[in-house]
Amino acid sequence: MNKQFFYTEKRPIQPTVETVEGAPLEFKLYRCSFDIKLVIRSIATEDDRVLVLLNDLHQRLQEVPVHNKAGKITAYKKEMNTFQSEIYLEDPKDIERFYLLSRSKEPPVLADLNEFF
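Residues numbered from 1 in each chain as written. Predicted model: local features only at pLDDT ≥ 70, side-chain atom pairs only at ≥ 80, totals over all residues. Heavy atoms only, no water.

Draft legend 1. Quick look at the pattern of salt bridges. With the rule as written, the count across this model stands at five salt bridges. Among the ionic pairs, Arg 49 bridges to Asp 47, the shortest N-O distance being 3.0 Å. By relative accessible area, Arg 49 is classed as partly exposed at 23%. Among the residues examined, Asp 47 registers a relative accessible area of 44% and is labelled partly exposed. The salt bridge involving Arg 49 is made with Glu 90; its shortest N-O contact spans 3.2 Å. Pair noted here: Arg 49 is in the loop between strand E3 (39–44) and strand E4 (50–54) and Glu 90 is in the loop between strand E7 (86–89) and helix H1 (92–101), with a separation of 41 residues, a long-range link. A relative accessible area of 35% places Glu 90 in the partly exposed class. The network of salt bridges with common partners includes Asp 47, Arg 49 and Glu 90. (Salt bridge = Lys/Arg side-chain N within 4 Å of Asp/Glu carboxyl O. Buried < 20%, exposed > 50% of the residue type's maximum accessible area, 1.4 Å probe, protein only. Helix = DSSP H or I, 4+ residues; strand = E, 2+ residues; numbered from the N terminus.)

Draft legend 2. Main features of the sheet that holds E4. Read from one edge of the open sheet, three strands run E3-E4-E7, paired in antiparallel fashion. Each edge of the open sheet carries a strand with a single partner, namely E3 and E7. Here the average twist between neighbouring strands, direction ignored, is 20°. Taken together, the five bridges between E3 and E4 define a ladder with antiparallel strand orientation. Paired with Ala 44 across the strands is Val 50, a residue of E4. (Pairing = 2+ DSSP bridges. Axes fitted to C-alpha atoms, helices over the stretch in contact; angles between N-to-C directions.)

Draft legend 3. Just the nonpolar core, in detail. In terms of nonpolar packing, the biggest core is built from 13 residues, with Phe 5, Tyr 7, Phe 34, Val 52, Ile 87, Leu 89 and Phe 98 touching the most fellow members. Elements with a minimum of two residues in this core: strand E1 (4–12), strand E2 (27–35), E4, E7 and H1. (Core = buried A, V, L, I, M, F, W, Y, C linked by side-chain atoms within 4.5 Å.)

Draft legend 4. Here's a closer look at H1. Of the positions making up H1, those classed as buried are Asp 94, Ile 95, Phe 98 and Tyr 99. The buried side chains of H1 occupy one side of the element, clustering within an arc of 130° when seen end-on. Exposed residues lying more than 90 degrees from the buried face of H1 are Pro 92 and Lys 93. If you follow the buried residues of H1, they end up packed against E1, E2, E3, E4 and E7. The distance from a side-chain oxygen at the start of H1 to the backbone nitrogen of Lys 93 is 3.1 Å, and the residue carrying that oxygen is Asp 91. (Arc of directions from axis to C-beta. Contact = heavy atoms within 4.5 Å. Polar contact = N/O pair within 3.5 Å; in protein donor to acceptor, adjacent residues only side chain to side chain.)

Draft legend 5. The arrangement of the packing of aromatic side chains in detail. For the coordinates displayed, the defined rule picks out five aromatic pairs. Centre to centre, the rings of Phe 5 and Phe 34 are 5.4 Å apart; their planes meet at 45°, and the pair counts as tilted. Residue Phe 5 is located in strand E1, and its partner Phe 34 is located in strand E2; the two are separated by 29 residues in the primary sequence. Each member of the pair Phe 5 and Phe 34 is classed as buried. Taking 5.7 Å as the distance between ring centres and 50° as the angle between the ring planes, the aromatic pair formed by Tyr 7 and Phe 34 counts as tilted. (Phe/Tyr/Trp six-rings, centres within 6.5 Å; stacked < 30°, edge-to-face > 60°.)

Everything listed here is a matter of coordinates, which is why it stays silent on function.
Rendered as structure tokens:
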């Protein structure tokens, strides 16, 4: 069985017709997971989040607009693109659990990297 890491993801609720313009966005919390064995890299961002990159390359068919010389859209074509999952951990408790699970209690600070060079 794969080792799943569960985390909380905050997504905005889609506004309805009755939503007052200028009202603050409302969010809903979702419980999500990923296979910890697929993690190839994690990156601490400046806004105190952690970006987790997974080794799960997959292709997705997308419709892309075709423009004429005047810049107008004349048609749509289907294009196959390759993607990789990027997961943002935002909850400090999730980030702490992720570092503990990956046997690193906190992200390395640039000054700490000098010991490797």
